[in-house]
Amino acid sequence: MWASSTANALRISCASKAHLSPAFSLSRCFSSVLDGLKYASSHEWVKHEGPVATIGITDHAQDHLGEVVFVELPEPGGSVSQGGSFGAVESVKATSDVNSPISGEIVEVNSKLAESPGLINKSPYEDGWMIKLKPSNPSELESLMGSKEYTKFCEEEDAAH
């Protein structure tokens with residue numbers, strides 16, 4: 001459970017960033033949480049569209065990991081199980097496994113992350129996505145949190161630290 005150990009080690013708090021012009025990057029105490037995505041307690045997100053689900057780490061996770069300097073991703077064609085590790089993210093603070101919130105066959109990986117791992121920091125929900133998979137059990141999405149539940153989860157996790 002990479003996020004739990006990272007959260008404990010780094011005293012992760014859930015927070016949202018104020019995004020100004022690139023020259024002015026101010027941080028507030030909140031990470032952005034987007035509606036329409038599903039969230040795992042290990043701080044990964046899923047966007048399910050048609051036959052494909054896109055997965056990445058949340059703004060909350062990347063914010064507290066710090067600058068991402070390396071991303072290890074699997075090869076397309078492999079499969080992952082819900083809760084199983086599919087890769088790793090190395091930051092200036094820690095190296096953490098990344099777990100899949102749902103089971104499925106990996107159909108694509110974000111090859112841009114090999115050259116630009118910082119995309120996870122700059123755009124965790126768009127350019128910083130990690131893998132796309134064909135879900136083998138779409139009902140697993142029902143076990144994940146919506147945006148309101150995830151925000152509350154982060155607040156409670158923060159309060160416990």
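Scoring rules and cut-offs
- By convention here, each chain's residues receive numbers from 1 onward along its written sequence.
- Local features in this predicted model are restricted to residues whose pLDDT is 70 or higher, and side-chain atom pairs enter the listing and the counts only when it is 80 or higher, whereas totals over whole chains, interfaces and linings include all residues.
- Note that the side-chain values use all heavy atoms of the structure and ignore hydrogens as well as water.
- Strand pairing is assigned whenever DSSP detects at least two bridges linking the two strands.
- Only DSSP runs of H or I reaching four residues or more are called helices, and only runs of E reaching two or more are called strands; each is numbered from the N terminus.
- Pairing of aromatic rings covers Phe, Tyr and the six-membered ring of Trp, with a centre-to-centre limit of 6.5 Å; geometry is then stacked below 30 degrees between planes, edge-to-face above 60, and tilted otherwise.
- When accessible area is computed with a 1.4 Å probe and restricted to protein chains, residues below 20% of their type maximum are described as buried, those above 50% as exposed, and intermediate ones as partly exposed.
- Here, residues are in contact when the closest pair of their heavy atoms is within 4.5 Å.
- Helix axes are fitted only over the stretch in contact, all axes being lines through C-alpha atoms; the angle between N-to-C directions runs from 0 to 180 degrees.

Trainee: I'm lost on the sheet that holds strand β3 (residues 38-39) in this one. Help?
Mentor: If you walk across this open sheet you meet the 6 strands as β3-β4-β5-β11-β10-β7, and the pairing is antiparallel. Strand pairing shows two members of the sheet lacking a second neighbour, β3 and β7 (79-80), which therefore form its edges. Bridge count between strand β5 (residues 52-57) and strand β11 (residues 131-135): 3 bridges; the pairing is antiparallel. Residue I55 lies in a different strand from β11, and its bridge partner there is I131.

Trainee: Got a minute to help me understand the packing of aromatic side chains in this structure?
Mentor: Think of a pair of aromatic rings as described by two things: how far the centres are apart, and how the planes are tilted against each other in angle. According to the stated counting rule, one finds 3 aromatic pairs in the structure shown. Here the aromatic rings of W45 and Y125 are separated by 5.8 Å at their centres, their planes lie at 55°, and the arrangement is tilted. Taken together, the residues W45 in strand β4 (residues 44-49) and Y125 in the loop between α4 (119-122) and β11 connect sequence positions 80 residues apart. Classification of W45 as buried rests on a relative accessible area of 1%. The interplanar angle of 25° and the centroid separation of 6.4 Å between the aromatic rings of Y150 and F153 together place this pair among those described as stacked.

Trainee: Hey, could you run me through the environment of P51 in this one?
Mentor: Tracing the sequence through the fold places P51 in the loop between β4 and β5. Spatially, the C-alpha atom of P51 lies 8.5 Å from that of L133, the residues being 82 residues apart in sequence. In contact with P51, other than residues within four places in its own chain, are L133, K134 and P135.

Trainee: Just checking my understanding: could you explain the sheet that holds strand β6 (residues 68-72) for this structure?
Mentor: Strands in a sheet are paired, the pairing made by backbone hydrogen bonds, and the direction either parallel or antiparallel. Here 3 strands make up an open sheet; going across it, the order is β6-β8-β9 and the pairing antiparallel. Single-partner strands in this sheet number two, and they are β6 and β9 (95-99). Averaged over all pairs of adjacent strands, the angle between their axes in this sheet comes to 25°, without regard to strand direction. Where strand β8 (residues 85-91) and β9 come together, 5 bridges link them in antiparallel fashion. Counterpart to E90 in the pairing with β9 is T95.

Purely geometric stuff here, so don't read any function into it on its own.
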